[in-house]
Each structure stands twice: as C-alpha cells, then as structure tokens.
Amino acid sequence: MNLESKVAIVTGGAHGIGAAIARIFVARGAKVLIGDILDDEGTLLAAELNSGSKAPRARYRHLDVTQETDWREAVGMTEKLFGGLTTLVNNAGVPGRAGVVDTTEEQWDRTIDTDLKGTWLGMKACIPAIRRSGGGAIINTSSNYALVASGRAAAYHSAKAGVLSLSRAAAVEYAGANIRVNAVLPGVTDTPRIATLPADWRRDLIERTPLKRLAHADEIAKAFAFLASDDASYITGTSLVVDGGFTAM
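Residues numbered from 1 in each chain as written. Predicted model: local features only at pLDDT ≥ 70, side-chain atom pairs only at ≥ 80, totals over all residues. Heavy atoms only, no water.

> Outline the pattern of salt bridges, listing residues and values.
According to the stated counting rule, one finds 10 salt bridges in the structure shown. Measuring nitrogen to oxygen at the nearest pair gives 2.8 Å for the salt bridge that ties Glu48 to Arg23. Of this pair, Glu48 sits in helix α2 (residues 39–50) while Arg23 sits in helix α1 (residues 16–27), placing them 25 residues apart in sequence. A residue is classified by how much of its surface remains accessible, and Arg23, at 38% relative accessible area, is partly exposed. The structure contains a network of salt bridges with shared partners spanning Arg152, Asp204 and Arg208. (Salt bridge = Lys/Arg side-chain N within 4 Å of Asp/Glu carboxyl O. Helix = DSSP H or I, 4+ residues; strand = E, 2+ residues; numbered from the N terminus. Buried < 20%, exposed > 50% of the residue type's maximum accessible area, 1.4 Å probe, protein only.)

Next up, the structure:
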C-alpha cells in the first residue's frame, strides 16, 4: 500500500478518522491537503506531520465542504503546493441522531448538506483535476448505517445511504477516465464524536458488534490507504465495510 506518488485532499481531516487517514497517507509517502473547519486542530496536525521533513508533506486549509468556492480554492492550492491531484477522501460529516418525526428541518439540512452534498461537491471539484493527472482514486466515507436501520438517526441513515449510491454512480461514470470511486463503511469507532453519544447508546452499539469493542481510528484508516493505493487498481464501485461484524448480525 505504497502511496509515494499520491497527492490527496482529505476532508474532515483535523481529528478522528480523518486525522488517522492523513497520518497513514503521509506515513506511506503521500502529500496531503487537510481540509476542515477546525482550524486550530488542523494546523497542529499539519505541523505534526511535517515535523522532521525537509519539505512539507501536509498542509492545512479551512474547507467548508458545503461551499463550492472553498472546494475550488482547495483544489487550486493542492495543485500549486504538491502537483497534480490524484486522490480525494470525502470524510467530513456531521451526525443526525433524531428519528423521522423529531428531526427538525434545520437538522435534516445540516446533515444532508454536509454528508451528502459535501461529498458531491468534492467530487465535482476534484474529478477534473484528477483527470488532468491521468486518473486516480476517490474514497467516500459512508457508514454501516447505510446498510441497516437503527430506529433513529433518520437524516444520518439517509445521507450515508446516499453517499453509497453516489459513489457507485460516479464509479460507473468515470471508469473510462481511470478514476476509481469506492466507499468505506465504518462501524462504531473510538473518536470524539462517539464520546458525545449517550452512554446507553454507546453500550448498545458495542454489545451489537460481534467483536465487542470500538474500532480504532487507524483500523478504519487502513481501509482508505488500501483503496487509495495501486494495490486496489481493479476495485471500483464497491463498499468496504469495516464494522467488527455489526452488519453481519
């Protein structure tokens, strides 16, 4: 899973799974633009990843994935700093924990706009740049909640199922351009977001997971590194579920 020739944009990259993805990409040789709205955390992460390097291998940029202008500027910055863009990781997202009736219109819009619209805007902005580089890979963060229902989190289920279908659609549309598009479907992962869940909800998720534990963020990140690498050169339009067996039950 060597990533020496890769130039990537990773959204939601300041902490959690996104930060783990940025770390493993840089460790395996890629150059990474970290995009997020958590400016302090993102700046610190980029400094950490560049520590001891003669030339920067990571840079941070404020990137609101719901804003097309932010995307255009991020692509331009990446190409200027690191050369041709080869890889996009659409990882930014927000939860939507309420059920159908209890979800407000504002909550619905925020989740759909960030998780689904943000993924589409990212591909819309980055695909032309990846084509200029001769092809590459896009990996979108969906969720095991795209496959199963929980009895709550209506907006989140809807957004992540949309990401999965959007990934398949793009994979078919851009296969001829040598652009592979896949989705990773994480299960319950030990991140700052999970720490905000009510204790009973968290316990229930762990109990329903056959491996009986949370995933570590770096375990999820390895799936992204594989799909970004040339080792996955014949894999497109698929979903890689990394959930400890949750959806096997």
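> Help me get a handle on the packing of α1 against helix α8 (residues 217–228), residues and values and all.
Two elements in contact, α1 and α8, have axes whose closest approach is 8 Å; the angle formed by their N-to-C orientations is 50 degrees. On the basis of the axis angle, α1 is oblique to α8. The way α1 lies across α8 gives a crossing that is right-handed. The segment α1 lies against α8, with Gly16, Ile17, Ala20, Ile21, Ile24 and Phe25 engaging Ala217, Asp218, Ile220, Ala221, Lys222, Phe224, Ala225 and Ala228. (Axes fitted to C-alpha atoms, helices over the stretch in contact; angles between N-to-C directions. Parallel < 35°, antiparallel > 145°, perpendicular 65-115°, else oblique. Left-handed = near helix turned anticlockwise from the far one by under 90°. Contact = heavy atoms within 4.5 Å.)

> I'd like to hear about empty space enclosed by the protein, residue by residue, with values.
Here the structure, examined in full by the defined rule, presents 1 cavity of 30 Å³ or more. Quantified by volume, the largest cavity comes out at close to 30 Å³. Surrounding the largest cavity, Thr11, Val65, Asn90, Asn91, Ala92, Thr114, Gly118 and Thr119 form its lining. Residue classes in the lining of the largest cavity are distributed as 2 nonpolar, 6 polar and no charged. (1 Å grid on protein atoms, 1.4 Å probe; cavity = no way out; pocket = protein on both sides within 12 Å on 5 of 7 lines; lining within 4 Å. Points joined across faces, edges and corners; volume = space filled by probe spheres on them. Nonpolar A, V, L, I, M, F, W, Y, C, P; charged D, E, K, R; others polar.)

> Please set out the packing of aromatic side chains residue by residue, giving values where relevant.
Tallying each qualifying case throughout the model produces 1 aromatic pair. Pairing Tyr145 with Tyr156 gives two aromatic rings, centres 6.2 Å apart and planes at 70 degrees, and the pair type is edge-to-face. With Tyr145 in the loop between β5 (136–141) and α5 (154–174) and Tyr156 in helix α5, this pair connects stretches of sequence that are 11 residues apart. We note that Tyr145, like Tyr156, is buried. (Phe/Tyr/Trp six-rings, centres within 6.5 Å; stacked < 30°, edge-to-face > 60°.)

> Could you give an account of the sheet that holds strand β6 (residues 179–186), naming the residues involved and the relevant values?
Spatial ordering of the open sheet is given by β3-β2-β1-β4-β5-β6-β7, a layout of 7 strands whose pairing is parallel. Taken across any chain shown, the strands that pair with only one partner, and hence form the sheet edges, are β3 (58–62) and β7 (239–242). Neighbour-to-neighbour, the strand axes of this sheet turn through a mean angle of 15 degrees, independent of strand direction. The pairing of β6 with β7 spans 4 bridges and is parallel. (Pairing = 2+ DSSP bridges.)

> Give me the pairing of strand β4 (residues 87–90): which residues, what numbers.
Residue alternation in β4 divides its side chains into two sets, Thr87 and Val89 and Leu88 and Asn90, and both sets are buried. As judged from the 3 bridges shared by strand β1 (residues 7–11) and β4, these two strands associate in the parallel manner. By the bridge assignment for β4, Ile9 is matched with Leu88. Examined bridge by bridge, β4 and β5 share 4 bridges and lie parallel to one another.

> Hey, could you go over the side chain of Ser150 for me, with residue numbers and the actual values?
Structurally, Ser150 is set in the loop between β5 and α5. On the basis of relative accessibility, which here comes to 17%, the residue Ser150 falls in the buried class. Of the polar contacts made by the side chain of Ser150, one reaches the backbone oxygen of Arg152; its length is 3.1 Å. (Polar contact = N/O pair within 3.5 Å; in protein donor to acceptor, adjacent residues only side chain to side chain.)

> An account of α1 is needed here, citing residue identities and associated values.
Taking 1.5 Å per residue as the helical rise, α1 with its 12 residues ought to reach 16 Å, and the 17 Å between its terminal C-alpha atoms agrees with that figure. A large share of α1 lies buried, amounting to 9 of its 12 residues. Listing the buried residues of α1 in full gives Ile17, Gly18, Ala19, Ala20, Ile21, Ala22, Ile24, Phe25 and Val26. Gly29 occupies a position one or two residues after α1 and carries a positive phi of about 105 degrees. (Expected span 1.5 Å × (residues − 1).)

As far as function goes, none of this settles anything; it's purely spatial.
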